[in-house]
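Residues per chain are reported as follows:
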Amino acid sequence: MEVIIRPTTEAATELTAQLIAEKVKQKPSLCLGLATGCTMEKVYDKLANKHQEGLDFSLIRTYNLDEYIGLSPENPNSYRHYMNENLFNKINVDQHNTHLPLGMAEDLDKECKLYEQSIKDNGGIDLQLLGIGRSGHIGFNEPLSALRSRTRDKALTPITVAQNSPLFDPPESMPKRALTMGVGTILEAEQIIMLVTGKAKADILAKAVEGPITSMISATALQLHANCTVIVDEAAAANLQCSDYYKWIFDNEPKWKPYH
Ligand code: F6R
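Overview of the structure. Being a predicted model, the structure only gives us computed values, none of them experimental.

## A closer look at the overall build of the protein chain
Then, number 1: Scanning the protein chain from N- to C-terminus turns up eight helices and ten strands.
Then, number 2: Computed over its C-alpha atoms, the radius of gyration of the protein chain comes to 17 Å, within 12% of the 18 Å expected for a compact globule of 260 residues.
Then, number 3: Taken along its principal axes, the extent of the C-alpha atoms in the protein chain is 55 × 40 × 35 Å.
Then, number 4: Looking at the protein chain as a whole, 56% of its 260 residues are labelled buried.
Then, number 5: By sequence separation, contacts in the protein chain at least 24 residues apart represent 79% of the contacts at least 6 residues apart.

If you want it as structure tokens, here you go:
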């Protein structure tokens, strides 16, 4: 794992978008794993700008991490709606190549199996983008999610309900369950970038990066991944013990030189 600390949210977000853009240029048919949430909105704004400047997304394939159970794709709070509004409608991705689990599926177990199969049939995820929830979740892998879990339905914790329900009107209408890629599914991505910003995430980020691996904090499983970069701003980095070390690596590792 590498931890890159950038001075501001803007700089952390820009670096994330830049790394994604470079991967798309290197491999136009990139299979991109995507996340939703407030943190990602700024990344998607930047990717939309890069498209305006000529970046071609016509061949990419995308798989989102999760979707609320019971929300139709048209529901303004569904993650399908979020993705259309924040990214897909602003770039030239082929909508047929964008995938989210269907929260309205009649047979949820079958939907999860089909989702896993579809990822496999597409050759696996090349680059997975992640945020972290206040519960330590990646995707909606709430505490005690097995580190080998696959796509499945999951009850959301009160911490996650508190985090996301203000986006619903009324807040009580937020679904309490979701379909999510499993921790094991996420770990199979060839490369992972997790973006974490803001002081509200400082405590959980320190546990995720520097604490012991535990299913109580699914993001700790990223320590097992061979190619995982965690990009954070100074506010989110506030509780890290080894910030100076991470900064030293960023300053001295040749591969990061172009980004100084
Ligand atoms: C949603 C997802 C979640 C979010 C996390 C952070 O698709 O994967 O793990 O990344 O809840 O959300 P924000 O950015 O809203 O704090």
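## What to know about the packing of helix 2 (residues 38–52) against helix 3 (residues 79–86)
Then, number 1: Closest axis-to-axis distance for the helix 2/helix 3 pair is 10 Å, and the angle between their directions is 30°. Contact residues: helix 2 offers M40, E41 and Y44, while helix 3 offers Y82, M83 and N86.
Then, number 2: Across the contact of helix 2 with helix 3, the residue classes tally to four nonpolar, one polar and one charged.

## Let's talk about the site of the ligand
Then, number 1: Close to the ligand lie 15 residues, the nearest being T36, T39, D66, H137 and K201.
Then, number 2: Within the contact set of the ligand, an oxygen atom lies 2.7 Å away from a side-chain nitrogen or oxygen of T36.
Then, number 3: One of the side-chain N or O atoms of T39 is found 2.4 Å from an oxygen atom in the ligand.
Then, number 4: For the ligand, the protein covers 94% of the area, taking 420 Å² as the surface of the free molecule.

## Thoughts on the packing of helix 1 (residues 9–26) against helix 2
Then, number 1: Two numbers describe how helix 1 lies on helix 2: the axes approach to 9 Å, and their chain directions differ by 50°. Judged by the inter-axis angle, helix 1 sits oblique to helix 2. Seen along the crossing, helix 1 lies across helix 2 with a hand that is right-handed. Only K42, V43, K46, L47 and K50 of helix 2 make contact with helix 1, whose side of the interface consists of T9, E10, T13, E14, T16, A17, Q18, I20 and A21.

## Comments concerning the sheet that holds strand 4 (residues 66–68)
Then, number 1: The three strands are arranged 4-8-7 in an open sheet whose pairing can be described as antiparallel. Of all strands in the sheet, those bounded by a partner on one side alone are strand 4 and strand 7 (152–155). For this sheet, the mean inter-axis angle between neighbouring strands, taken without regard to orientation, is 30°.
Then, number 2: Sheet topology places strand 4 next to strand 8 (residues 177–180); three bridges connect them, and they run antiparallel. Of the residues in strand 8, the one forming a bridge with D66 is T180.

## Considerations on the layout of surface pockets
Then, number 1: Roughly 690 Å³ of volume is contained in the largest pocket.
Then, number 2: Lining the largest pocket are 33 residues, and of these T36, G37, C38, Q163 and N164 lie nearest its centre.
Then, number 3: Contributing elements (two or more residues each) for the lining of the largest pocket: helix 2, strand 4, helix 3 and helix 5 (158–164).
Then, number 4: The element that contributes the greatest number of residues to the lining of the largest pocket is helix 3, accounting for five residues.
Then, number 5: Estimated volume of the second largest pocket: approximately 190 Å³.
Then, number 6: As for the second largest pocket, its lining consists of 13 residues, and the residues nearest its centre are L19, Q191, K255, W256 and Y259.
Then, number 7: For the lining of the second largest pocket, the elements supplying multiple residues, two or more each, are helix 1 and strand 9 (191–196).
Then, number 8: Ranked by residue count, the leading element in the lining of the second largest pocket is helix 1, at five residues.
Then, number 9: When grouped by side-chain class, the residues that make up the lining of the second largest pocket number six nonpolar, four polar and three charged.

## Digging into unusual backbone geometry
Then, number 1: At the junction of D169 and P170, the peptide bond is cis and its omega measures out at -5° in the coordinates.
Then, number 2: Despite not being glycine, L144 has its phi angle at roughly 80°, a positive value.
Then, number 3: Residue position: L144 is located in the loop between strand 6 (127–130) and strand 7.
Then, number 4: In this structure L144 comes out as exposed when scored by relative accessible area, which is 60%.

Analysis parameters
Residues numbered from 1 in each chain as written. Predicted model: local features only at pLDDT ≥ 70, side-chain atom pairs only at ≥ 80, totals over all residues. Heavy atoms only, no water. Helix = DSSP H or I, 4+ residues; strand = E, 2+ residues; numbered from the N terminus. Rg over C-alpha atoms; globule rule 2.2 N^0.38 Å. Buried < 20%, exposed > 50% of the residue type's maximum accessible area, 1.4 Å probe, protein only. Contact = heavy atoms within 4.5 Å. Axes fitted to C-alpha atoms, helices over the stretch in contact; angles between N-to-C directions. Nonpolar A, V, L, I, M, F, W, Y, C, P; charged D, E, K, R; others polar. Near = heavy atom within 4 Å. Polar contact = N/O pair within 3.5 Å; in protein donor to acceptor, adjacent residues only side chain to side chain. Areas by Shrake-Rupley, 256 points an atom, 1.4 Å probe, with all protein chains shown as cover. Parallel < 35°, antiparallel > 145°, perpendicular 65-115°, else oblique. Left-handed = near helix turned anticlockwise from the far one by under 90°. Pairing = 2+ DSSP bridges. 1 Å grid on protein atoms, 1.4 Å probe; cavity = no way out; pocket = protein on both sides within 12 Å on 5 of 7 lines; lining within 4 Å. Points joined across faces, edges and corners; volume = space filled by probe spheres on them.

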